[in-house]
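Listed below are the residues making up each chain.
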Amino acid sequence: MTNDIIWKLIIVFGVLFVTLNVAAGLIWLERRLLALWQDRYGPNRVGPFGLLQVLADMVKVFTKEDWIPPFADKPVFIIAPAIIVVTIITAFAVIPFAPGVEIVDLNIGLLFFLAMSSLGVYSVALGGWSSASKYSLLGGLRAAAQMLSYEVFMGLSLMGVVMLAGSFNLTDIVNAQKGLWFCIPQFLGLVVFFIAGIAETHRLPFDLPEAESELVAGFHSEYSGMKFGMFFVGEYLGITLVSALIVTLFFGGWMGPALPPIVWFTIKTFFFIGLFILLRASLPRPRYDQLMSYGWKVMLPLALLNLLVTGGIILATGR
Amino acid sequence: MNTPFYIAAAVAVISTFMVITRRNAVHALLYLIVSLLSVALIFFLLGAPFVAALEIIIYAGAIMVLFVFVIMMLNLGPQSTEMERRWLTPEIWVGPTILTALLAAELLYVLVRVQVRPSDINVITPKQVGIALLGPYVLGVELASLLLLAGLVGAFHLGRREKSDGGGRA
C-alpha cells in the first residue's frame, strides 16, 4: 500500500517535472527549428547550441516588472493565466506514458481530456476581457468563438477511435492498437483532430486570437512578466498535450520494437511537436471568417462523415 | 467517501450563493462555473463519471463560455454594476428568502424523518448510459434532437444575410 502511494507520487511529480521542462525547452527548440527552416542560426550564444537560452529567458521573465493595469479587473486578470496552465497539466493525468506509468486509469479518460481542454478557453477569454483594452477584448472574443467551434468536431473526430476501441479509457485504446495503429483506419479522424488541436492551442496558422500584425498581441497585450510567461508556457504545454494525445490515440502510444516503451512515446511525441513548429514556419494566417467557415463547413461534415462510415463498417463487419 | 462529498457540496452551495449576490456579471458567472464544477464532482463521487464529464464539457465548457462571450460583447461598465447595486435592495430578498426557507425546512424534515442510509454506489459506465438512452429512452432523445433542430433553424433564419441591401454579399 505504502509502496503504491510512493510510486504514484513519483509518477505525479515526474510528470509535472518533465512536462514543465519540456514546455520550457520547447521555446528553445522552436526558435532553433524556425531558424533552421529560415536559413539562419537562431539562439546559439548561451551555452552549448544555445541550450542555456531557456535559463536566460526564465531569469528575464521572472525579474521583469509584473504590472497590472489600473483599469483592469484585478482578480480576473490575475487568475486568467493560471487557468490554462492548471487545466492542461491536469489533462496530462490521464495519459498513459508507458504500461503502468500513468497517474489515473480513468474509465472516461478521453472525456476528461475534452473537459479540461474546454475549460482552458476561459483563460484566454477572461484574460482578454479583464484587460479592458480593445485589442485584448477582440483577441479574447476571437479565442472564445474559435475554440468553442473547433471543440465541437475535436470531440466528434475522436469518437471513431472510441468506436474501434470500444472504450473511453486511454490505456484500452492503446492496447486496442496492437497490430494496426488507428492512424490507418481513422486517417480522417486524425486529420480533423490534428487541425482542431492546432486551433485549440491557438498556434499558427490559427493564432487569430494573438495575430500580432493586427491586434498588437491579442488577448495578452496587457500582460507582462510571469503572467505573460504563464500564457506562453500554457501554449507549449498545450502543444505537448495534443502531440501526446495524437500519439496515444492514433499512433499506438508506447508501442514500438526494440526500444523501451517510454522512449518510443517520447520519440513519437517530439515528432508531432516538430510538425506543429513546421506548420508555424510554413503556413500563412487565414482571415477570421475563413477560419470559422472552414471549421463549420469543411471540418464538421468531414468529422460526421468519418463517424458515419466508421459506424457503418463496424455494424457491417459485426466487430 | 463522505468527506469529499460534503466539501464539494459546501463549495457548490457557497459558490451558488455568491452567484446571486455578486454585482459584477462576469464575477457572478465565474462563481456559477465553480458551482457547476463542484456539482460535476458530486456526480463523479456518486458513481456517474460519464455525467460528470458531460456536465463539465457541455455546461461549464460550452454554455458558460457562450454566456461569457455575450457579456464580453455587451461591454458592461461600472454603470451596470451601479444599476445592480440599486436593484439589489434588501426588500427584494424578502420573497425569495421565505420561499427558500420553506424548502430548507422541508429538506430538514425529510432528512430527520426519513432514514437516509448511504446506498451502495455502483459506477455507471458510458456504455450503460448509451444503452439506456438509445433503448427505453429513445423517444426522449428524438424529442430533444427535434428541439435542437428547431433552434438551429431559428438561429439560421435570424442570422441570414439580407439579399436586398445591394452592396452586401449574398
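This is a predicted model, so every value here is computed, not measured.

Peer 1: Help me understand the overall build of chain A, please; the structure alone is not making it clear to me.
Peer 2: Summing up its helical and strand segments, chain A has twelve helices and zero strands in all. The globule rule puts the C-alpha radius of gyration for 319 residues at 20 Å, and the 20 Å found for chain A is close to it. A principal-axis box enclosing the C-alpha atoms of chain A has dimensions of 65 × 50 × 45 Å. By residue count, 55% of the 319 residues in chain A fall in the buried class. Sequence separation of at least 24 residues holds for 77% of the intrachain contacts in chain A that already meet a minimum separation of 6. With the model as given, the accessible surface of chain A reaches about 14,100 Å², and the carbon-plus-sulfur share is 72%. Positive and negative charge centroids in chain A, built from 19 and 19 side chains respectively, lie 5 Å apart.

Peer 1: How should I be thinking about the overall build of chain B in this particular structure?
Peer 2: Within chain B one finds seven helices and zero strands. Expressed as a percentage of the 170 residues in chain B, the buried residues total 21%. Of the contacts made within chain B by residues no fewer than 6 positions apart, 60% connect residues no fewer than 24 positions apart. A total of about 12,500 Å² of accessible surface is found on chain B, and carbon and sulfur atoms cover 72% of it.

Peer 1: Where do I start with unusual backbone geometry in this structure?
Peer 2: What you tend to see is this: most non-glycine residues have negative phi, and most peptide bonds are trans. All names here are of chain A. Although it is not a glycine, D39 sits at a positive phi angle of roughly 60°. By the secondary structure assignment, D39 is in the loop between helix 1 (2-37) and helix 2 (53-63). Residue classification places D39 among the exposed residues on the basis of a relative accessible area of 74%. Of note in the backbone geometry, H202 takes a positive phi value of approximately 35° without being a glycine.

Peer 1: Looking at this structure, I do not really get the interface of chain B and chain A. What am I missing?
Peer 2: One widely used convention gives an interface's size as the accessible area the parts lose upon coming together. The interface of chain B with chain A comprises 25 residues on the first partner and 24 residues on the second. Across the interface of chain B and chain A, roughly 2,100 Å² is buried in total on both sides, 82% from carbon and sulfur atoms. When the buried area of chain B at its contact with chain A is split by residue, I57(B), V65(B) and M72(B) rank highest and sum to 28% of it. The tally of links from chain B across to chain A stands at zero salt bridges. On inspection of chain B and its partner chain A, the count reaches three residue pairs in polar contact (both at pLDDT 80 or more). Sorting the residues of the side of chain B that touches chain A by element identifies helix 2 (25-45) and helix 3 (49-74) of chain B as the ones contributing at least two each. Ranked by residues supplied to the side of chain B that touches chain A, first place goes to helix 3 of chain B with 15 residues. Residue composition of the side of chain B that touches chain A, grouped by class: 21 nonpolar, four polar and no charged.

Peer 1: What should I look at first to understand helix 10 (residues 225-250) of chain A in this one?
Peer 2: Each α-helix winds once per 3.6 residues, and so residues spaced three or four apart point in a common direction. All names here are of chain A. Helix length check: helix 10, at 26 residues, gives a terminal C-alpha distance of 38 Å against a target of 38 Å (1.5 Å per residue), a fit within 8%. Counting buried positions along helix 10 yields 22 of 26 residues, so the element is predominantly enclosed. Immediately beyond the C-terminal end of helix 10, within one or two residues, lies G252, with a positive phi of roughly 70°.

Peer 1: Got a minute to help me understand the packing of helix 6 (residues 134-165) of chain A against helix 8 (residues 187-200) of chain A in this structure?
Peer 2: When two helices pack together, their arrangement is given by the angle between their axes and by how far apart the axes lie. All names here are of chain A. Relative to each other, helix 6 and helix 8 sit at 155°, their axes nearing to 9 Å. As far as their axial angle goes, helix 8 and helix 6 are roughly antiparallel. Here helix 6 and helix 8 pass one another in a crossing that is left-handed. Of the residues in helix 8, those touching helix 6 at Q146, M147, Y150, E151, F153, M154, S157 and L158 are G189, V192, F193, I195, A196, G197, A199 and E200. Residue composition of the contact of helix 6 with helix 8, grouped by class: ten nonpolar, four polar and two charged.

What counts and what doesn't
Residues numbered from 1 in each chain as written. Chains lettered and ligands numbered in written order. Predicted model: local features only at pLDDT ≥ 70, side-chain atom pairs only at ≥ 80, totals over all residues. Heavy atoms only, no water. Helix = DSSP H or I, 4+ residues; strand = E, 2+ residues; numbered from the N terminus. Rg over C-alpha atoms; globule rule 2.2 N^0.38 Å. Buried < 20%, exposed > 50% of the residue type's maximum accessible area, 1.4 Å probe, protein only. Contact = heavy atoms within 4.5 Å. Areas by Shrake-Rupley, 256 points an atom, 1.4 Å probe, with all protein chains shown as cover. Lys, Arg positive; Asp, Glu negative; His and termini not counted. Charge placed at Lys NZ, Arg CZ, Asp CG, Glu CD. Buried area = accessible area lost by both parts, 1.4 Å probe. Salt bridge = Lys/Arg side-chain N within 4 Å of Asp/Glu carboxyl O. Polar contact = N/O pair within 3.5 Å; in protein donor to acceptor, adjacent residues only side chain to side chain. Nonpolar A, V, L, I, M, F, W, Y, C, P; charged D, E, K, R; others polar. Expected span 1.5 Å × (residues − 1). Axes fitted to C-alpha atoms, helices over the stretch in contact; angles between N-to-C directions. Parallel < 35°, antiparallel > 145°, perpendicular 65-115°, else oblique. Left-handed = near helix turned anticlockwise from the far one by under 90°.

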